[in-house]
Amino acid sequence: MSAAPDTPARPQAEPPYTDGITPAVVAEHGLTPDEYRTVVAILGRAPNRVELGIFSVMWSEHCSYKSSKKWLKTLPTTAPWVIQGPGENAGVIDIGQGLAAVFKMESHNHPSYIEPYQGAATGVGGILRDVFTMGARPVANLNALRFGAPEDPRTRHLVSGVVAGIGGYGNCVGVPTVGGEVNFHPGFNGNILVNAMTVGVAPADRLFYSAAAGIGNPVVYVGSRTGRDGIHGATMASAEFSADSEEKRPTVQVGDPFTEKLLIEACLELMATDAIVAIQDMGAAGLTSSSFEMASKGGLGVELDLDRVPMRETHMTPYELMLSESQERMLMVLRPGAEDLARAVFEKWELEFAVIGTLTDTGRMVLRWHGAVVGDLPIDPLAQASPEYDRPWEPTPRPAPADQSGADAVAWPDALARLIGCPDGASKRWIWEQYDHLVRGNTLQRPGGDAAVVRLEDRPTHALALTTDCTPRYVEADPVMGAAQAVAEAWRNLTAVGATPLALTDNMNFGNPEKPAIMGQFVGACQGIKDACLALDFPVVSGNVSLYNETNGQAIPPTPAIGGVGLVEIARSQSLAFKAEGDVVFLLGAPDEAEGTWLDRSLFLREILGREEGPPPPVDLVMERRVGDLVRALIAAGEVSACHDLSDGGLLVGVAEMALAGGVGCALTLGDAKAATLFGEDQNRYVVTASPAKARLVEARARAAGLPARRIGVTAGTALVVNGVEGPTLEALRAAHEGWLPGYMAG
Amino acid sequence: MHAAILLFPGTNRERDMARALEVAGAPAPVFVWHRETTLPAGLDLVILPGGFSYGDYLRSGAMAARSPILEAVRRFADQGGMVLGVCNGFQILTEAGLLPGALMRNRDLRFICRCVGLRVERTDTPFTTRYAAGAVLSVPVAHHDGNYTADDDTLARLEGEGRVAFRYCDAAGVVSDATNPNGSRGNIAGIVSENRRVLGMMPHPENLVEPALGGIDGRPLFESLLEALP
Amino acid sequence: MKAKVHITLKPGVHDPQGRAIGGALSHLGFTGITGVRQGKVIEIDLDETDRKRALEAVDGMCKALLANPVIETYAIELS
Amino acid sequence: MKAKVHITLKPGVHDPQGRAIGGALSHLGFTGITGVRQGKVIEIDLDETDRKRALEAVDGMCKALLANPVIETYAIELS
Ligand SMILES: Nc1ncnc2c1ncn2[C@@H]1O[C@H](COP(=O)(O)OP(=O)(O)O)[C@@H](O)[C@H]1O
Ligand SMILES: [Mg+2]
């Protein structure tokens, strides 16, 4: 297919330039001199501006994954229930009875820092499109957010804008936002993280893919018109921030959730017919990457008449049309003759519809503007020559153990109240009450629990369990262990509601990969994710990489956010709230020597002792699985009345969360009341309760599994009591837990 | 009972509403597109569900209130037909002039999604017969523009004629500024028309009709309808 | 011809946005503010070149959609 | 003194609200409309009586809160 001139030749001395392109223009487009030489070799001539723009976005880190590809390939992506792993718009898993769950997580970090409302809103819009492009109706959104220190002067404004933007978009399109996580840390002062996840449900036999097929088939543009929004957004998303980038503000994309809602309905309506051969949303790098990917995956060529693209502004150029990141647009290949049917659907929903091109057998992308060819590129060589780097990396040195002196000098009631009311430990109600988490009427477990539980409309006995997790302070200390922990925690959160964890999506947020230490974090995180996925049978089916999260050379703490999806039978699910007084409280999965031991890198160490030191708690993946399987069996058997996994803040914070959710206190009897026992963050632990009548059944089942079930107390009263010492009342704990975020935001 | 659920571009709680009817034992409703100029024959209830018609751009409900189907709804209501508008449906009904007043941006300018206390002010409307007088419900709200306002005369008339159907209150039924989630005048959460056959309300009874969803406080509203329209 | 429609809340109608802005400004340390109201401007580009007909047309749009007479008043400016 | 701050979207910034209003107007039968944009007006009552100081103060408010410089521009009118 590729003609002789397209074969990459060996780099020459000084490559040719044309169309006003200079080495400076090449650099502005984010291409290295070597990459430019490859462009010239592929074309057999100098590129014009339009072509240079196309290479620039296609080879950007954001689109080409050039730094990460080598390592992403190592992730486990298969299981009998995986229908589609990474490589399509979203991952797909089988959830029984002919249904499939379609999901993915994606970052919109830099845009959200520049314009928090629109940045976050368009992030939600983009991830929704990835999911309904595949034929799935979006049924839930989640979001993983990292902000700078509360004291940083920008933080409040960013929190307020990002949350309003996520809500503004999701609420309007009518998809419930059911979960997420939020951290505050000075390491994110200059680079916040906004990761959004969408989960959809589709008939398993009616999924839509992006590979174009059918020479001569029409290529159709639908949705919103194209303006000059976010031109070069994809290259920006891959460039490090510098002090003056706030000045060089690019044209910000403004989201239009109303149009997105119409687009969802129109696409799903057309997908119920046989009109669509292939479909691809126009995300980062807009028309360029969507048309390129469709043609490339189908092994075909494509011709586009750019003057037929619906335009919002006058005097737009082919360059702008190819690179615009205007939102709420889709590209489709239709079955021949289906144009009228499709047009009628999109006109009913008052959306743009235009036939802008055709598929060809040339293997080339040919762009025309009022009949004249303005770009002509070979597709395969461009895709294949897309750079892939094996960047040098250094493993992250293992931190020395933390100085834990003073840990037991703090009275536990004070420590508990502080942990449950600190920025990372406080309730995020102020945030999720701005999200419509109930629309569609299927939200069985609302935000505030371990995992959200969303009933399947077409299989109403079952529900999806959904969570996002990552603890950046663990990953920073030990990327391998920290990333494994993120996967394990997601798996654990799904297990805690009774669900069988099925698959995950990841969002890898890191600094500049050209620095070996940062690249080492990334490599380590991939290793950790791989280990945990294999041990837990929990494959990666989709994901996203966001690199260059740095400002003035300062990188963010490495944050591989994990979005987990599981399936639960509604009658066999459980929540974390204490249900009644007099229930027996059990701790499962604790180490033999004590209820808890590991204070290094804990929330306690950071918040109470002011130290971020030491290695993270080790995750024993074999034990993780054994304990989780036991917990799921206990819930399925109906033997426990509440279940919660232990994470940030350890045992006492976990018990306090259960007490607050249920409005019932608890008296604990532990080996001692040392900080490590109460606040240690040992992994694979759960707290469950059982009625006195069922407590023996819990013990019997644990014994059969070869795992101890420690009786650690009983639910009672309106306060927390440890070894006879009365701690804070629920009222005081609630004030601390619920008070911090609203108080901070009002400040 | 023959119910129709209207669909505007941006409507998003139509399925929730249909399921609530189903759970209450009502026959399946028909869906009617906003460009229609007539309602199906033999209808006895028209429902305007929640959502963001036209994105809530310009003013919530403003553009939907000018769609062709609203003329048919107006005629239907004039002839004594029953109409229920929830959330965006309430906003559309006020914009269309079928109910008095207006719904403005929430007092603290933020979208609110949470369960609120709701006091049933009247049980002699066809929407509320299955509630006990003075009953206190816990029902979710999910809105950005739920701040009910009307001029003093209108408000006095609504109160005087006993047309306030629901008020925001605490768990004990006490109505105060502290229990007002959005700044509505008089803590008004829902009002009825003069003939009590048109109800507009901001909270979502349709989202609380099954124990699995966290409660059934919304269900009696649909059961009342079924009783009124056997 | 270009029309600008200025839409303001009627006196007496409480204005949550204006109130919130006023509160935020004083929070930021701005003093001497005795009232804040928020209104809308809708700019409409028209083919019409006759002032009188343009005014009539835009007035019709205001009555039909742009302003809610229960809470708002409007003023039209042509250029 | 009274200040009116006119806030408009920068040229080229997508204005979904304006578009939707334009669409609704044409549904209602209004013709000859070639573009609709929506903006805001914030009216501020000030104690300040000196024009220059008032202008400075309001400009400060615009920069600090009222306008979003990434997508909006503003103009101040005093009276
Ligand atoms: N940004 C957010 N959006 C929605 N829900 C959130 C958000 N942040 C936290 N939550 C909810 O708050 C609860 C507690 O979150 P988290 O402490 O991260 O839980 P866990 O430790 O179990 O992972 C969860 O139910 C979560 O979904
Ligand atoms: Mg948890």
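You'll find chain C entered in an unreviewed UniProt entry as Phosphoribosylformylglycinamidine synthase subunit PurS, with Pararhodospirillum oryzae given as the organism. Listed under Pathway (unreviewed entry) in UniProt, the entry text for chain C is "Purine metabolism; IMP biosynthesis via de novo pathway; 5-amino-1-(5-phospho-D-ribosyl)imidazole from N(2)-formyl-N(1)-(5-phospho-D-ribosyl)glycinamide: step 1/2."

Labelled according to an unreviewed UniProt entry, chain A appears under the name Phosphoribosylformylglycinamidine synthase subunit PurL, originating from Pararhodospirillum oryzae. Quoted verbatim from the Subunit (unreviewed entry) heading of the UniProt record, the comment on chain A is "Monomer. Part of the FGAM synthase complex composed of 1 PurL, 1 PurQ and 2 PurS subunits." Looking at chain A in UniProt, the text filed under Sequence similarities (unreviewed entry) is "Belongs to the FGAMS family."

(A) Representation of the packing of helix H18 (residues 479–496) of chain A against helix H21 (residues 621–636) of chain A. Residue and element names in this part refer to chain A. At a minimum axis separation of 9 Å, H18 and H21 run at an interaxial angle of 15°. Relative to H21, the element H18 lies roughly parallel. Considering how the two elements wind past one another, H18 and H21 form a crossing that is left-handed. Contacts between H18 and H21 involve Ala488, Trp491, Arg492, Thr495 and Ala496 on the former and, on the latter, Glu624, Arg625, Gly628, Asp629, Val631, Arg632 and Ile635. Of the residues contributing to the contact of H18 with H21, the split by class is 5 nonpolar, 2 polar and 5 charged.

(B) Summary view of the interface of chain A and chain B. Across the boundary between the two partners, chain A contributes 29 residues, which contact 27 residues of chain B. Carbon and sulfur atoms supply 53% of the area buried between chain A and chain B, which totals about 2400 Å² over both sides. Scanning the region where chain A abuts chain B turns up 5 salt bridges. Measuring nitrogen to oxygen at the nearest pair gives 2.5 Å for the salt bridge that ties glutamate 457 of chain A to arginine 15 of chain B. Along the contact surface separating chain A from chain B lie 13 residue pairs in polar contact (both at pLDDT 80 or more). Residue assignment for the side of chain A that touches chain B shows that the elements contributing at least two residues are helix H8 (155–173), helix H10 (257–271) and strand S14 (443–445) of chain A. At 4 residues, H10 of chain A tops the list of elements feeding residues into the side of chain A that touches chain B. Taken together, the residues of the side of chain A that touches chain B break down into 11 nonpolar, 7 polar and 11 charged.

(C) Molecular detail of the UniProt feature "binding site: ATP" (unreviewed entry) in chain A. All names here are of chain A. This chain's UniProt record puts "binding site: ATP" (unreviewed entry) on Tyr65, Lys104, Asp506 and Gly543. Looking at the secondary structure, you find aspartate 506 in strand S17 (residues 500–509). A relative accessible area of 3% places aspartate 506 in the buried class. Look past the residues within four positions of aspartate 506 in its chain and what remains in contact with it is Leu75, Met105, Val540, Ser542, Gly543, Asn544, Ala561 and Ile562. Along the chain, the position of glycine 543 falls in strand S18 (residues 540–546). Residue contacts for glycine 543: discarding those within four places in its chain leaves Tyr65, Lys104, Met105, Thr505 and Asp506.

Rules behind the numbers
Residues numbered from 1 in each chain as written. Chains lettered and ligands numbered in written order. Predicted model: local features only at pLDDT ≥ 70, side-chain atom pairs only at ≥ 80, totals over all residues. Heavy atoms only, no water. UniProt positions renumbered as here; feature names shortened; annotations may be inferred. Axes fitted to C-alpha atoms, helices over the stretch in contact; angles between N-to-C directions. Helix = DSSP H or I, 4+ residues; strand = E, 2+ residues; numbered from the N terminus. Parallel < 35°, antiparallel > 145°, perpendicular 65-115°, else oblique. Left-handed = near helix turned anticlockwise from the far one by under 90°. Contact = heavy atoms within 4.5 Å. Nonpolar A, V, L, I, M, F, W, Y, C, P; charged D, E, K, R; others polar. Buried area = accessible area lost by both parts, 1.4 Å probe. Salt bridge = Lys/Arg side-chain N within 4 Å of Asp/Glu carboxyl O. Polar contact = N/O pair within 3.5 Å; in protein donor to acceptor, adjacent residues only side chain to side chain. Buried < 20%, exposed > 50% of the residue type's maximum accessible area, 1.4 Å probe, protein only.

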